[in-house]
Amino acid sequence: MDFGIIFILLLLGIGFYYIFELLFKVFIYLIVNIPYYVMGKNAGFDHSWLAFLPTGRDYIAFTIPHYEYNLGIFKTRNRKMVFWIWFGLEAIFYITMVVGTVIMFFASVYFSENYTSSLDSETMNDIIVIISRVISFGFSGIIFVIRSILHWRKNYDLLITYDLEKHAIWASILNIFCPLIMFVFSFIMVGRSPDYGMGGYYYNEIYDDETDMYTSYEDASE
């Protein structure tokens, strides 16, 4: 038996496996983001290709509705600002998790090297681990709740915009726990046009970043 040939075949098998895995992930990534690209294009976005960038899909979902972003205690008509708030919380969430892990690692190394008694070292290490986890997971938990609320309102407004109000409440809530919900609805919304004038519920206006004001579509087209 030629072990060289077997080794080459093994390498080829591993290579094809990872190539297939990469292609599959790219395929899933495109399938998830294409509906938001089309929705952005249909809504008049000049840069609908942002849907294919990380978090770009969320930017489009946040800004397609021309309705006041209303969480009761927080209201704004600048939906781009809401997206950046969400983006910042997203970054803080993952940074907090990484920092907590790093603290636990270095604390373990420090106490294992600086305490002669293994009992003292293990005790102090356990204390540091508990404190780090409380801070890390506690803070991350608060951010996770805020992120989920922002996501809920984003998806609720998006479903309303595409005349899916009878599904807006349950779908936007369940999507917090099962993101597959909005994935399915995205393929329903992609075949529709955004409704910006339903019963006066939406502001039929364009937000201008430079003036921080809204202009009606009729005025903008003149």
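Along each chain, residues carry numbers from 1 onward, in the same order as the chain's sequence is written. Owing to the predicted nature of the model, reporting of local features is limited to residues with pLDDT of at least 70; listing and counting of side-chain atom pairs is limited to 80 or more, with chain, interface and lining totals taken over all residues. Note that water and hydrogens are dropped before the side-chain values are worked out from all heavy atoms of the structure.

With that settled, consider helix α2 (residues 56-63). Think of it in three bands: residues with accessible area under 20% of the maximum for their type are buried, residues over 50% are exposed, and the middle band is partly exposed, with areas taken using a 1.4 Å probe on protein chains only. For helices the rule is a DSSP run of H or I covering at least 4 residues; for strands it is a run of E covering at least 2, with both sets numbered from the N terminus onward. Extensive coverage of α2 is indicated by the burial of seven of its eight residues. Within α2, burial applies to G56, D58, Y59, I60, A61, F62 and T63.

Once that is clear, we can look at helix α6 (residues 180-189). What α6 keeps buried is the set I181, M182, F185, S186 and M189. Viewed along the axis of α6, the buried residues span an arc of 135°, placing them on a single side of the element. In this description, one arc is meant: the one made by directions from the helix axis to the C-beta atoms.

Side-chain pairs of opposite charge can arise where the charged atoms are in close proximity. Salt-bridge detection follows one rule: a side-chain nitrogen of Lys or Arg within 4 Å of a carboxyl oxygen of Asp or Glu. A full pass over the atoms with the stated rule returns five salt bridges. Between K25 and E21 there is a salt bridge whose closest N-O contact spans 3.8 Å. One end of the pair is K25 and the other is E21, both in helix α1 (residues 3-42) and four residues apart, which spans about a single turn. Residue K25 is classed as exposed on the basis of its relative accessible area of 52%. Its salt-bridge partner being K154, residue D58 comes within 2.9 Å of it at the nearest N-O pair. A residue pair is termed long-range when its members are at least 10 positions apart, and D58 in helix α2 and K154 in helix α4 (residues 118-161) qualify at 96 residues.

Next up on the list: the packing of aromatic side chains. Two rings from Phe, Tyr or Trp (for Trp, the six-membered ring) form a pair when their centres are within 6.5 Å of each other. A pair whose planes differ by under 30 degrees is stacked, one over 60 is edge-to-face, and the rest are tilted. Counted according to the given criterion, the structure contains 15 aromatic pairs. Seen in terms of ring centroids, F62 and W86 are 6.0 Å apart; in terms of plane orientation they differ by 50°. Their pairing is tilted. Linking F62 in helix α2 with W86 in helix α3 (residues 79-114), this pair joins segments that are 24 residues apart in sequence. F62 sits in the buried class, given a relative accessible area of 0%. Taking the relative accessible area as the measure of exposure, W86 reaches 2% and is therefore buried.

Formed by 29 residues in total, the largest nonpolar core has its most connected members in Y36, I64, L158, L159, Y162, F185 and M189. If you tally residues by element for this core, the top one is α4, at six residues. We define a nonpolar core as any set of buried Ala, Val, Leu, Ile, Met, Phe, Trp, Tyr and Cys residues linked to one another through side-chain atoms lying within 4.5 Å.

Here we come to the environment of W170. Structurally, the position occupied by W170 is in helix α5 (residues 165-174). Once the C-alpha coordinates of W170 and I181 are considered, the two residues, 11 residues apart in sequence, prove to be 9.8 Å apart. Ignoring anything within four residues of it in the chain, the contact list for W170 reads I181 and F185. Contacts are assigned to residue pairs with any non-hydrogen atoms lying within 4.5 Å of each other.

Okay, the environment of S172 next. Within the secondary structure, S172 is located in helix α5. Of the residues examined, S172 reaches a relative accessible area of 0% and is grouped as buried. It is 5.5 Å that separates the C-alpha atoms of S172 and N155, two residues lying 17 residues apart in sequence. Not counting residues up to four positions away in its chain, the partners in contact with S172 are W152, N155, Y156, L159 and H167. N or O atoms closer than or at 3.5 Å make up a polar contact, with two conditions inside protein: a donor-capable atom paired with an acceptor-capable one, and, for residues adjacent in sequence, both atoms drawn from side chains. Side chain to side chain, S172 and W152 meet in a polar contact 3.0 Å long. A distance of 2.5 Å separates a polar side-chain atom of S172 from the backbone oxygen of A168.

Summarising the element assignment, N175 is placed in the loop between α5 and α6. Overall, N175 belongs to the buried group, its relative accessible area being 12%.

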